Amino acid sequence: MTFTSPDIPGHEGLAAPVLPTGELASTSSAFVKVFVGYQAVCSCGWTDQRRFPATQEGAKEAEYRWWSRHAAPLIAAAPPSELVARSNLLCERVVKLAAERPLAALTLLSQMESWQRDLLDRAVAGARDAGASWAQVGEAMGISKQSAHERFRSRDL
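What comes next is a walk through the structure. This structure is a prediction, so every number in the text was calculated from the model and none was measured.

## Remarks on the overall build of the chain
Thought 1: What the chain contains, in helices and strands, is 5 helices and 4 strands.
Thought 2: Listed N to C, the secondary structure of the chain is β-β-β-β-α-α-α-α-α in terms of helices and strands.
Thought 3: Since a compact globule built from 157 residues should have a radius of gyration of about 15 Å, the 22 Å found for the chain marks it as more spread out than a globular shape.
Thought 4: When its C-alpha atoms are laid out on the principal axes, the chain stretches across 70 × 45 × 20 Å.
Thought 5: A total of 157 residues make up the chain; the buried ones form 25% of that total.
Thought 6: Sequence separation of at least 24 residues holds for 34% of the intrachain contacts in the chain that already meet a minimum separation of 6.
Thought 7: With the model as given, the accessible surface of the chain reaches about 10900 Å², and the carbon-plus-sulfur share is 56%.
Thought 8: Across the chain, the centroid of the 17 positively charged side chains sits 2 Å from that of the 17 negatively charged ones.

So, in structure tokens, the structure goes:
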């Protein structure tokens, strides 16, 4: 059985059967009869190091391992797909508005900028309060850890 989340496309988790040779059975060999355990893997190439017994409980443990060690941290850093879709739609509409009514677009963008600054400060504060490093904050924003620290360090004081 595979596991997915719409918020992390390209990541499909699986409790892969481990063959007696130590190799993982391919997903096309779903009816492998001789295997010695399970190992958590992801379609992105991530493979957990730990192996679990060749039991139903072992399969469940491997599935949980994919979730807890790989998917959960990715989901924590990924914006919900529904918000990404709405954000993209808003961007398209503002581009169109800027072409048709530039002054109206400027008014709207100015309003968006003011609440965006406050939301960004809140999100950084929340991430730092939750234990995120400046490197993680910078990565989430697409900037260096030094840039993130310089821009937001005053909230740490």
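## What about the packing of aromatic side chains?
Remark: the centre distance and the inter-plane angle together describe each pair of aromatic rings, the angle taken between the planes.
Thought 1: Counted under the stated rule, the structure contains 3 aromatic pairs.
Thought 2: When the ring of Trp 66 is compared with that of Trp 67, the centres are 6.4 Å apart and the planes differ by 50 degrees; the resulting orientation is tilted.
Thought 3: The exposure class assigned to Trp 66 is buried, which follows from its relative accessible area of 2%.
Thought 4: Classification of Trp 67 as partly exposed rests on a relative accessible area of 39%.
Thought 5: Through pairs of rings, three or more aromatic residues link up here, namely Phe 3, Trp 66 and Trp 67.

## Regarding the packing of helix 2 (residues 81-100) against helix 3 (residues 102-129)
Thought 1: Where helix 2 contacts helix 3, the axes come no closer than 6 Å and their chain directions differ by 140 degrees. Classified by the angle their axes make, helix 2 and helix 3 are oblique. Seen from helix 2, the contacting residues are Leu 90, Val 94, Leu 97, Ala 98 and Glu 100; seen from helix 3, they are Pro 102, Ala 104, Ala 105, Leu 108, Leu 109 and Met 112.
Thought 2: Per-class residue counts for the contact of helix 2 with helix 3 are 10 nonpolar, no polar and 1 charged.

## Structural notes on helix 3
Thought 1: Under the 1.5 Å per step criterion, the end-to-end length of helix 3 is 40 Å for 28 residues, consistent within 8% with the ideal 40 Å.
Thought 2: Contacts from the buried residues of helix 3 go to helix 2, helix 4 (134-141) and helix 5 (145-152).
Thought 3: Two residues or fewer past helix 3, Gly 131 is found with a positive phi of approximately 100 degrees.

## Let's talk about the environment of Phe 3
Thought 1: Positionally, Phe 3 belongs in strand 1 (residues 2-3).
Thought 2: C-alpha separation for the pair Phe 3 and Cys 42, spaced 39 residues apart in sequence, amounts to 9.1 Å.

## Things to note about the layout of surface pockets
Thought 1: Size it by volume and the largest pocket reaches roughly 680 Å³.
Thought 2: Lining the largest pocket are 19 residues; nearest its centre among them are Ala 76, Ala 77, Val 137, Ala 140 and Met 141.
Thought 3: Elements represented by at least two residues in the lining of the largest pocket include exactly helix 1 (56-77), helix 3 and helix 4.
Thought 4: Broken down by class, the residue content of the lining of the largest pocket amounts to 16 nonpolar, 2 polar and 1 charged.

Thresholds applied
- Residues numbered from 1 in each chain as written.
- Predicted model: local features only at pLDDT ≥ 70, side-chain atom pairs only at ≥ 80, totals over all residues.
- Heavy atoms only, no water.
- Helix = DSSP H or I, 4+ residues; strand = E, 2+ residues; numbered from the N terminus.
- Rg over C-alpha atoms; globule rule 2.2 N^0.38 Å.
- Buried < 20%, exposed > 50% of the residue type's maximum accessible area, 1.4 Å probe, protein only.
- Contact = heavy atoms within 4.5 Å.
- Areas by Shrake-Rupley, 256 points an atom, 1.4 Å probe, with all protein chains shown as cover.
- Lys, Arg positive; Asp, Glu negative; His and termini not counted.
- Charge placed at Lys NZ, Arg CZ, Asp CG, Glu CD.
- Phe/Tyr/Trp six-rings, centres within 6.5 Å; stacked < 30°, edge-to-face > 60°.
- Axes fitted to C-alpha atoms, helices over the stretch in contact; angles between N-to-C directions.
- Parallel < 35°, antiparallel > 145°, perpendicular 65-115°, else oblique.
- Nonpolar A, V, L, I, M, F, W, Y, C, P; charged D, E, K, R; others polar.
- Expected span 1.5 Å × (residues − 1).
- 1 Å grid on protein atoms, 1.4 Å probe; cavity = no way out; pocket = protein on both sides within 12 Å on 5 of 7 lines; lining within 4 Å.
- Points joined across faces, edges and corners; volume = space filled by probe spheres on them.

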